[in-house]
Amino acid sequence: MTAQAGPLRHRAAQALGIRADELAAAACGFAFFFFLFCGYFMLRPIRETLGIQAGVDQLQWLFTATFLAMLAVVPLFGWLSARVPRATLVTWVYAAFAATMAGYAALFHWRPDSVWAARSFYVWLSVFNLFVVSLAWSLMADVFRMDSAKRLFALIAAGASAGGLCGPLLGGLLAGALGPAGLLLLSALLLAATLPLKRWLLRWRAATHSDADTADMARPIPGAVLAGLSRVFQSRYLLGIAGLVVLLATLNTFLYMEQARLVAGAFTDTAQRIRVFSALDFTVQALALLSQLFITGRVAARLGVRFLMTAVPLTMVLAFLALAAYPVFAVLAGAMILRRVGEYALIRPGREMLFTAVSPEDKYKTKNVIDTVVYRAGDAASGWVKAGVDALGHGVALIALLGAACALAAAALGYGLGRRADRPAEPLDSTKHPSQ
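Residues numbered from 1 in each chain as written. Predicted model: local features only at pLDDT ≥ 70, side-chain atom pairs only at ≥ 80, totals over all residues. Heavy atoms only, no water.

Caption draft 1: Geometry of the environment of Ala87. Topologically, Ala87 is positioned in the loop between helix 3 (59-81) and helix 4 (89-110). What makes Ala87 partly exposed here is its relative accessible area of 21%. Along the primary structure Ala87 and Leu139 are separated by 52 residues, whereas in three dimensions their C-alpha atoms are 9.0 Å apart. In contact with Ala87, other than residues within four places in its own chain, are Lys198, Leu202 and Met217. (Helix = DSSP H or I, 4+ residues; strand = E, 2+ residues; numbered from the N terminus. Buried < 20%, exposed > 50% of the residue type's maximum accessible area, 1.4 Å probe, protein only. Contact = heavy atoms within 4.5 Å.)

Caption draft 2: How the structure looks around the packing of aromatic side chains. Under the criterion given, the structure shown has 18 aromatic pairs. Geometrically, the ring pair formed by Phe97 and Phe128 is edge-to-face, given 5.5 Å between the ring centres and 70° between the ring planes. Separated by 31 residues along the polypeptide, Phe97 in helix 4 and Phe128 in helix 5 (residues 115-143) bring together distant segments of the chain. Each member of the pair, Phe97 as well as Phe128, carries the same accessibility label: buried. Look at Trp137 and Phe153: their rings are 5.1 Å apart centre to centre, the planes differ by 55°, and that puts the pair in the tilted class. On the criterion of sequence distance, the pair formed by Trp137 in helix 5 and Phe153 in helix 6 (residues 146-192) is long-range, its members being 16 residues apart. An aromatic cluster is defined as three or more aromatic residues linked by ring pairs; in this entry it consists of Phe32, Phe33, Phe37, Tyr40, Phe41, Tyr94, Trp137, Phe144, Phe153 and Trp204. The ring of Phe355 carries the charged tip of Lys367 above its face, separated from the ring centre by 5.4 Å. A cation over a ring is seen here: Arg420 above Tyr237, with NZ or CZ 5.8 Å from the ring centre. (Phe/Tyr/Trp six-rings, centres within 6.5 Å; stacked < 30°, edge-to-face > 60°. Lys NZ or Arg CZ within 6 Å of the ring centre and 35° of its normal.)

Laid out in structure tokens, this is it:
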């Protein structure tokens, strides 16, 4: 069996486009994101349905509430990261979110029809999603260097797509038996299951990094509580990433709110809406998974990060123009699927690669600010822009044209950032922190 294991590993690594000695680390990262996203996607259809029930014209208020919640959470994260070892930071944060899940499970058990419980859950799940995913990618950027990241990050992201496939199916099968409260508890268990995988990844890091890097994991992350926010404005590189995130969030919000409007008009039954959202999620995750397993890593290695960061925004320019000409649900669904598949298969792995060459403080604190506060700020601002355009009666066409302009700007900015990431030997502009 041992004699066969070697050739099997080499064949599997060759099929995936990675080195044989990276196979175990890739599998561990895949499983980490599988558990994380399976738990989240069990709850996502519930959130989307609650958002429509609260009123499509009220979504901008929920986006604004989510942004304000992010502003409250980030200082707490900065305070915690300055006091606990970097190696245990993920454990502390994930344990806190798991405990909150248990609290919501109790709330939905005792008050299943509470409107305010539903609204607060919508905001909480939006915070949870961005925060735990951002921290997970911070961990991956800490574990892997750029050369490994180009080969492995797409495969690791495939774990998120696989979890996104299983989550809605599992949630649909168990929703009747467990209800929202039971699904929340199951999601908390899946979140806890990531922690042993985190410990294995850190052991792999210790085996592949220098002794100084390993010892650094035992110390808290230096810097003030709000250092992550100030760092964004001290580095052109980080400011560029923040700008790209705002543009991508704007594209997402325009499509998301238009999707909610069209679904609310086309499907009046709650069960039908849940099935539509679940079908869209399943399609997106299936297409993204195939790309992540067999295409993205090879593309990144051959064409570089600049291609990952440019291809999707350029495609979205055409998608928004098509939506401006034909503002119907079928075109919107196609644009939404295209954007989300591109996000998971190309943009997300590429964007995470941008953080492999920055300091630990920027990998955790600054990245967390960009992925949460900056992203939700873009969400909230673009949500109000969308609501304002709708109130003026200009319909889908103007929003689609604005989306096309934002997509073109995102392509230009993404190309510049990707070109910089493809030349890691050069210094990161004026940042005071050395590259790793």
